[in-house]
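# A closer look at the structure
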Amino acid sequence: MTHAAKLQELYRQTVLEHSRHPRNFGRLEDADRSAEGYNPLCGDKVTVYLQMNDDTIDQVTFEGVGCAIALASASIMTEQVGKKTAAQARDDITEIMQQFTPSEHQQATAHGDMAALGGVSAYPSRIRCATLAWKTLETALNGRSQLTTTEE
Ligand code: ZN
């Protein structure tokens, strides 16, 4: 199998698994920050809840409706950034965004499920499904409460 084929297989399995069994799914009752995201192209809606302990993400959950990619991406996001500092989480957001803007000089820095998510690059129309939860996380970290959409 070529590297691209392996990535596609990893991507397919990861999305399937996370969308069937989303991690950290549900409203966080004592959240001190939350943000809502919407991807009008696909109809995905995600709300991200954060409970911060100083600058550390103590708990992160999400709820929402959407396609398998949007839900899997949100699930992976919660696993990835829980217990990290806001700065570390922002680095992850940057890493994810870079994965979806492939260039010849791109360095594969993402690991595990985050890397698998990069497989969505093969389906440009679905990239916004994959970035939604991460953009919404960024809004929540910024402490803004307005609706985030994937439209620039
Ligand atoms: Zn979608």
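Residues numbered from 1 in each chain as written. Predicted model: local features only at pLDDT ≥ 70, side-chain atom pairs only at ≥ 80, totals over all residues. Heavy atoms only, no water.

The next point concerns unusual backbone geometry. Backbone geometry at Asn-24 places phi at a positive 55°, although glycine is not the residue there. Position of Asn-24 relative to the elements: it lies in the loop between α1 (3-20) and β1 (33-39). For Asp-54, which is not a glycine, the phi torsion comes out positive at approximately 55°. In this fold, Asp-54 is placed in the loop between β2 (44-53) and β3 (56-65). (Helix = DSSP H or I, 4+ residues; strand = E, 2+ residues; numbered from the N terminus.)

Attention now goes to the sheet that holds β3. In a beta sheet, neighbouring strands are held together by backbone hydrogen bonds and run either parallel or antiparallel to one another. As summarised here, the arrangement of the four strands in space is β3-β2-β1-β4, forming an open sheet in which the pairing is mixed. Each end of this open sheet is capped by a strand with a single partner; those strands are β3 and β4 (148-149). In terms of strand pairing, β2 meets β3 through nine bridges, oriented antiparallel. Each residue of the ladder has a partner; that of Val-48, found in β3, is Phe-62. (Pairing = 2+ DSSP bridges.)

Turning our eyes to something else, we now look at the pairing of β2. Burial of β2 is extensive: eight of the 10 residues sit out of reach of the surface. Bridge count between β1 and β2: seven bridges; the pairing is antiparallel. Paired with Ala-35 across the strands is Val-48, a residue of β2. (Buried < 20%, exposed > 50% of the residue type's maximum accessible area, 1.4 Å probe, protein only.)

Before going further, it helps to examine the packing of α1 against helix α2 (residues 68-81). Between α1 and α2, whose axes approach to 8 Å, the crossing angle comes to 80°. Between α1 and α2, the interaxial angle falls into the category roughly perpendicular. Judged by residue contacts, Tyr-11, Thr-14, Val-15, His-18 and Ser-19 of α1 engage Ala-68, Ile-69, Ala-72, Ser-75, Ile-76 and Glu-79 from α2. (Axes fitted to C-alpha atoms, helices over the stretch in contact; angles between N-to-C directions. Parallel < 35°, antiparallel > 145°, perpendicular 65-115°, else oblique. Contact = heavy atoms within 4.5 Å.)

One pass over the full model with this rule turns up two aromatic pairs. Where Phe-25 meets Phe-62, the ring centres are 5.1 Å apart and the plane angle is 90°; that geometry is what we call edge-to-face. Remark: Phe-62 occurs in strand β3 and Phe-25 occurs in the loop between α1 and β1; sequence separation between them is 37 residues. You can call Phe-25 partly exposed: its relative accessible area is 45%. Above the ring of Tyr-38, the side-chain terminus of Lys-45 is found at 5.6 Å from the ring centroid. (Phe/Tyr/Trp six-rings, centres within 6.5 Å; stacked < 30°, edge-to-face > 60°. Lys NZ or Arg CZ within 6 Å of the ring centre and 35° of its normal.)

By the definition in use, this model includes six salt bridges. Note that Glu-79 and Arg-23 form a salt bridge whose closest N and O atoms lie 3.4 Å from each other. Of this pair, Glu-79 sits in helix α2 while Arg-23 sits in the loop between α1 and β1; the two residues are 56 residues apart in sequence, bridging distant segments of the chain. Judged by its relative accessible area of 24%, Arg-23 is partly exposed. A single network of salt bridges, built from pairs that share partners, joins Glu-17, Arg-23 and Glu-79. (Salt bridge = Lys/Arg side-chain N within 4 Å of Asp/Glu carboxyl O.)

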